[in-house]
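# Observations on the model geometry
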Amino acid sequence: MGNADYEYPNVESVQRVAIPPPQPFFKSLKYSLKETFFPDDPFRKFKNQTSSVKFVLGLQYFFPIFEWAPKYTLQFLKSDLISGITIASLAIPQGISYAKLANLPPILGLYSSFIPPLIYAMMGSSKDLAVGTVAVGSLLMASMLGRVVNYVENPNLFLHLAFTATFFAGVLQASLGFFRLGFIVDFLSHATIVGFMGGAATVVCLQQLKSILGLEHFTHEADIVSVMRSVFSQTHQWRWESAVLGCCFIFFLLVTRYFSKRQPKFFWVSAMAPLTSVILGSLLVYLTHAEKHGVQVIGKLKKGLNPPSVTNLVLVSPYMGTAIKTGLVTGIIALAEGIAVGRSFAMFKNYHIDGNKEMIAIGTMNIFGSFTSCYLTTGPFSRSAVNYNAGCKTAASNIVMAIAVMLTLLFLTPLFHFTPLVVLSAIIVSAMLGLIDYEAAIHLWKIDKFDFFVCFSAYVGVVFGSVEIGLVIAVAVSLLRVLLFIARPRTFLLGNIPNSTVYRNVEQYPNANHVPGILILEIDAPIYFANASYLRERITRWIDEEEDRIKASDQTSLQYVIMNMTAVANIDTSGISMLEECKKTADRRGLQLVLVNPGSEVMKKLNKSKFLDELGHKWVYLTVEEAVGACNFMVNSYKPNPMKDDSEPDKSIV
């Protein structure tokens, strides 16, 4: 790369890097806040509208039912009716099962499938989300509240704390949506969710050994060591009748699910299997009097609709703190699951759901649910998948499901008296096995080992510690990764691709050539106080390594350090100080620092700090090609040391 490769750039042809015009502080702040909290520009459709139209649009925003109800057709009703009845057949046994998992009265599972779906149908933006209780949320609630209150010794207080935790979960969820803070949920990465859900599903399955083996006394701890110790210390109390019944129903449920996956048009086989299991199990117990031979049954369920529970909320110490903590943790997990499921099915049907609107809807239904004897609800994947496969068209399928549950509460609850608990455990186990997504874990291992480590940490934390420990570990490891990305950004050494004017990372393109006398670096992140010190030391090390390489190869001495700042979106005062120190280091070594394409925010701050005046505006270029062209011309023609005379280049560089 000699003189023939470069011509000195004409002053007229070189485009300067522009310094953006100054903007008032409040205007910049307004823009930043808008991009943080309103990236989807929800007010766009309100522009240039009359007051009456704005009122209707506002009503439709908070209550989407007013948007789709006027367009509702008989064909939609037919599809939603089939979907609603189908998911009700799944919701009834699942609701009873998950309530038992939460150590709550089984009837609460039915209560929670009546009021919340009606609220969501009015306020939710997803067409496919089917509302109900979830296993992970139930386990979390049982685990966290159980550490403070024993549900056997004090069932009323435990029940009231569950209502209170649900209330605070709803307040948190609705607040996140109302104040546009949905990005907080994004800190639960995909890897975290995969590991956490897999660990929770494993723990839930282990907990079902109590009913499957017919044990009366069982540990209240959720970790695998405590569970297995409790199981194998009571081998003399195992009930073979219960174990055989449980294994048979688990096998039946898994076979039906496998068949429905292989034959999607027979989705209803898997959807009806839990209710079928409940009916068969109840008939078997009733006809054989198996409850007298160690097979535990649900017992009496109260008839009637949800009684009010607003007066049962525990808003006094010392239990209020526990309810708040439980509500916050379970609320975040339920929110993450509900939004993830809603977005997944929206992607399949090619429509958009508003994450913040979903948070308001889910939060509101949990607030009202806590007032009407319901506990934590969200959009479980299994129920939503059945709703999607059944061909639902709108959220009205939730209304149909709620009506079916209402009729069950009014007339059919006595039929569940002989339902064996082992059947409910089988339903839970079959549902949980689908949450252990080992294929996703293998995929993480192949793509990103750190993501797999996050996933594995969450899984191990849940299985060997507790649900809360696993969640904390996973979030902590994820945040550590974010901090590492910020504090240790990548810097690249660039070289010239042969027979081109393109400059790329020499590690990615080994055939890229070093430019004699010039070191070209690229910083691949904003420069903040957290990474400024590291970047200063890394840039100094690049310079040392380049000088050592030049000495070893007896090439032209290093004279220019070009820093490509295209990827530097922003910079703070610590970053500016770092650049000033780099310039001083370059000056002491007789080198010239050159900047390439700083962004608008960076140029604005460099100009205000007077750094551009110290560096010289002529040493800021728009492209690496222009910077190399000018520097290479001076290396080969005019200036062996650019620092000796800084008064002349006005006629040569813009």
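Residue positions are counted from 1 within each chain, in the order its sequence is given. In view of the model being predicted, local features appear only for residues whose pLDDT reaches at least 70, and side-chain atom pairs are presented and counted only at 80 or more, with totals across whole chains, interfaces and linings using the full set of residues. No hydrogens and no water enter the side-chain calculation; it runs on all heavy atoms of the structure.

### Structural notes on the overall build of the chain
- For the chain, the helix and strand inventory stands at 26 helices and 6 strands.
- Seen through its C-alpha atoms, the chain measures out along the principal axes to roughly 105 × 65 × 55 Å.
- A burial count over the chain gives 52% of its 654 residues as buried.
- We call two residues contacting when some pair of their heavy atoms lies within 4.5 Å. Long-range pairs, those at least 24 residues apart, make up 80% of the contacts in the chain with a sequence separation of at least 6.
- Only the protein chains shown count as cover for residues, and all accessible areas are computed by the Shrake-Rupley method using a 1.4 Å probe. For the chain, the computed accessible surface area is about 30,800 Å², with 63% contributed by carbon and sulfur atoms.
- In the chain, 54 positive and 47 negative side-chain charges are present, and the distance between their average locations comes to 11 Å. Each helix is a run of DSSP H or I of at least 4 residues and each strand a run of E of at least 2, with the numbering of both proceeding from the N terminus. Burial classes follow relative accessibility: with a 1.4 Å probe on protein chains only, a residue under 20% of its type's maximum area counts as buried, one over 50% as exposed, and anything between as partly exposed. Positive charge is attributed to Lys and Arg, negative charge to Asp and Glu, and no charge count is given to His or to the chain ends. A charge is said to be at NZ when it belongs to Lys, at CZ for Arg, at CG for Asp and at CD for Glu.

### Observations concerning empty space enclosed by the protein
- Put simply, the grid is 1 Å and covers the protein atoms alone, a cavity is a trapped set of points that fit a 1.4 Å probe, a pocket is an open set with protein on both sides within 12 Å along at least five of seven lines, and lining residues have an atom within 4 Å of a point. Grid points are joined across faces, edges and corners, and a volume is the space filled by probe spheres set on the points. Within this structure, the stated rule accounts for 1 cavity of 30 Å³ or more.
- Taken together, Leu-493, Leu-494, His-514, Val-515, Ile-518, Leu-519, Ile-520 and Glu-546 make up the lining of the largest cavity.
- Of all the secondary structure elements, the ones that give two or more residues to the lining of the largest cavity are β1 (491-496) and β3 (518-523).
- The leading source of residues in the lining of the largest cavity is β3, at 3 residues.
- Three residue categories are used. Nonpolar comprises Ala, Val, Leu, Ile, Met, Phe, Trp, Tyr, Cys and Pro, charged comprises Asp, Glu, Lys and Arg, and polar comprises the others, including Gly. For the lining of the largest cavity, the per-class residue count stands at 6 nonpolar, 1 polar and 1 charged.

### Thoughts on the pattern of salt bridges
- The working definition used for a salt bridge is a side-chain nitrogen of Lys or Arg within 4 Å of a carboxyl oxygen of Asp or Glu. What the rule picks out here adds up to 11 salt bridges.
- Here Arg-589 makes a salt bridge to Asp-544, at a shortest N to O gap of 2.6 Å. Of this pair, Arg-589 sits in the loop between α23 (573-588) and β5 (592-596) while Asp-544 sits in helix α22 (residues 529-553); the two residues are 45 residues apart in sequence, bridging distant segments of the chain.
- On the accessibility criterion, Arg-589 (33% relative accessible area) is partly exposed.

### Remarks on a nonpolar patch on the surface
- Residues forming no salt bridge and having over 30% relative accessible area are the ones grouped into patches, like charges within 9 Å of each other and nonpolar side chains (Val, Leu, Ile, Met, Phe, Trp, Tyr) within 5 Å. Residues Phe-55, Val-56, Leu-59, Phe-62, Phe-63, Phe-66, Met-122, Phe-178 and Phe-179 make up a contiguous nonpolar surface patch of about 870 Å² in total accessible area.
- Ranked by residues supplied to the nonpolar patch, first place goes to helix α2 (residues 51-62) with 4 residues.

### A look at helix α16 (residues 381-389)
- Residues of α16 that are buried include every one of Arg-383, Ser-384, Ala-385, Val-386 and Asn-387, and no others.
- Directly beyond the C-terminal end of α16, a positive phi value near 90° is found at Gly-391.

### Details of the nonpolar core
- What we call a nonpolar core is a set of buried Ala, Val, Leu, Ile, Met, Phe, Trp, Tyr and Cys residues that are connected through their side-chain atoms within 4.5 Å. Judged by nonpolar contacts, the single largest core of 108 residues is most densely connected at Ile-96, Leu-104, Leu-108, Phe-196, Tyr-375 and Met-432.
- The element that contributes the greatest number of residues to this core is helix α8 (residues 155-178), accounting for 13 residues.
- Those residues within four positions of Met-432 in sequence are excluded, and the remaining contacts are Tyr-98, Ala-135, Ala-201, Val-204 and Cys-205.
- Counting 54 residues, the second-largest nonpolar core is a separate cluster that includes Ile-497, Met-578, Val-624 and Ala-630.

### A short note on the UniProt feature "domain: STAS" (unreviewed entry) in the chain
- Those places that UniProt annotates as "domain: STAS" (unreviewed entry) correspond, in this numbering, to residues 508-631.
- Taken end to end, residues 508-631 is 51% helix and 15% strand, and its two terminal C-alpha atoms sit 24 Å from one another. UniProt positions are given in the numbering used here, feature names are shortened, and annotations may be inferred rather than shown by experiment.

### Brief notes about the packing of aromatic side chains
- Ring geometry is summarised as follows: Phe, Tyr and Trp rings, the Trp one being its six-membered ring, pair when their centres sit within 6.5 Å, and such pairs are stacked at plane angles under 30 degrees, edge-to-face over 60 and tilted between the two. One pass over the full model with this rule turns up 17 aromatic pairs.
- The interplanar angle of 70° and the centroid separation of 5.3 Å between the aromatic rings of Phe-167 and Phe-168 together place this pair among those described as edge-to-face. Assigned by exposure class, Phe-167 and Phe-168 land together as buried.
- Cluster of aromatic residues (ring-pair linked, three or more members): Phe-167, Phe-168, Phe-368 and Phe-371.
- Here, a charge over a ring is recorded when the distance from Lys NZ or Arg CZ to the ring centre is within 6 Å and its angle to the ring normal is within 35 degrees. Above the ring of Trp-445, the side-chain terminus of Lys-449 is found at 4.7 Å from the ring centroid.

### Section: the environment of Ala-476
- Positionally, Ala-476 belongs in helix α21 (residues 467-487).
- For Ala-476, a relative accessible area of 41% puts it in the partly exposed group.
- Here the alpha-carbon distance between Ala-476 and His-514, two residues 38 residues apart in the chain, equals 41 Å.

### Some thoughts on the pairing of β1
- A large share of β1 lies buried, amounting to 6 of its 6 residues.
- Neither face of β1 is left uncovered, since the one carrying Thr-491, Leu-493 and Gly-495 and the one carrying Phe-492, Leu-494 and Asn-496 both have all their residues buried.
- Think of it this way: DSSP has to see at least two bridges between two strands before they count as a pair. Linking two consecutive strands that pair antiparallel, namely β1 and strand β2 (residues 503-505), is a turn of 6 residues; a positive phi of about 60° is found at Asn-499 within it.

### Focus on the domain arrangement of the chain
- Domain annotation of the chain identifies domain 1 (73-292 + 320-481) and domain 2 (488-634).
- Here domain 1 and domain 2 have C-alpha centroids that lie 54 Å from each other. Where a domain begins and ends is set by an automatic assignment or by a domain database.

### Digging into the layout of surface pockets
- Its boundaries defined by the atoms lining it, the second largest pocket holds a volume of some 870 Å³.
- Among the secondary structure elements, those contributing two or more residues to the lining of the second largest pocket are α4 (74-101), α7 (135-146), α8, α10 (209-212) and α18 (421-433).
- Tallied by class, the residues present in the lining of the second largest pocket amount to 17 nonpolar, 13 polar and 5 charged.

### Considering the packing of α4 against α18
- Fitted lines through C-alpha atoms give the axes, limited to the stretch in contact for helices. The angle between two N-to-C directions lies from 0 to 180 degrees. At their nearest, the axes of α4 and α18 sit 9 Å apart, and the two run at 95° to each other. Considering their axes alone, α4 and α18 lie roughly perpendicular with respect to each other. Only Leu-421, Leu-424, Ile-427, Ile-428, Ala-431 and Met-432 of α18 make contact with α4, whose side of the interface consists of Pro-93, Gln-94, Ile-96, Ser-97, Tyr-98, Lys-100 and Leu-101.
- Here the contact of α4 with α18 is built from residues that sort into 10 nonpolar, 2 polar and 1 charged. An angle below 35 degrees is read as roughly parallel, one above 145 as roughly antiparallel, one from 65 to 115 as roughly perpendicular, and any other as oblique.

### Re the state of the cysteines
- Two cysteine sulfurs form what is called a disulfide whenever their separation falls within 2.5 Å. Enumeration over the complete set of coordinates arrives at 0 disulfides.
- The closest cysteine sulfur to the non-disulfide-bonded Cys-631 is located on Cys-582, 16 Å from its own sulfur.

### Quick notes on the side chain of Asn-366
- Checked against the element boundaries, Asn-366 lands in helix α15 (residues 355-371).
- Within the structure, Asn-366 has its side chain in polar contact with the side chain of Gln-173 (distance 2.9 Å).
- The residues touching Asn-366, leaving out its near neighbours within four places in the chain, are Thr-166, Gly-170, Gln-173, Tyr-375, Leu-376 and Thr-377. Polar contact criterion, stated in full: a pair of N or O atoms within 3.5 Å, where within protein one must be able to donate a hydrogen and the other to accept it, and residues adjacent in sequence count only if both atoms are side-chain atoms.

### Examining helix α13 (residues 267-288)
- The span one expects for a helix is its residue count, reduced by one, times 1.5 Å. Here α13 contains 22 residues, and its C-alpha end-to-end distance of 32 Å stays within 8% of the 32 Å for a straight helix at 1.5 Å per residue.
- Of all the bends in α13, the greatest, near 40°, is centred on Ala-273, and the proline Pro-274 appears no more than four residues after it.
- When α13 is considered as a whole, its buried residues turn out to be Phe-267, Ala-271, Ala-273, Pro-274, Leu-275, Ser-277, Val-278, Gly-281, Ser-282 and Val-285.
- On its buried side, α13 packs onto α4, α12 (240-262), α16 and α18. Two axes enter the bend calculation: one fitted to the seven residues ending at the residue in question, the other to the seven starting there, and the bend is the angle between them.

### Notes on the confidence of the model for the chain
- In this model, the chain carries an average pLDDT of 84, and 92% of its residues clear a pLDDT of 70 or more.
- Every residue in residues 642-654 is under pLDDT 50, and counting partners more than four places away or in other chains gives 29 contacts. Every residue gets a pLDDT, meaning the predictor's confidence in that residue, from 0 to 100.

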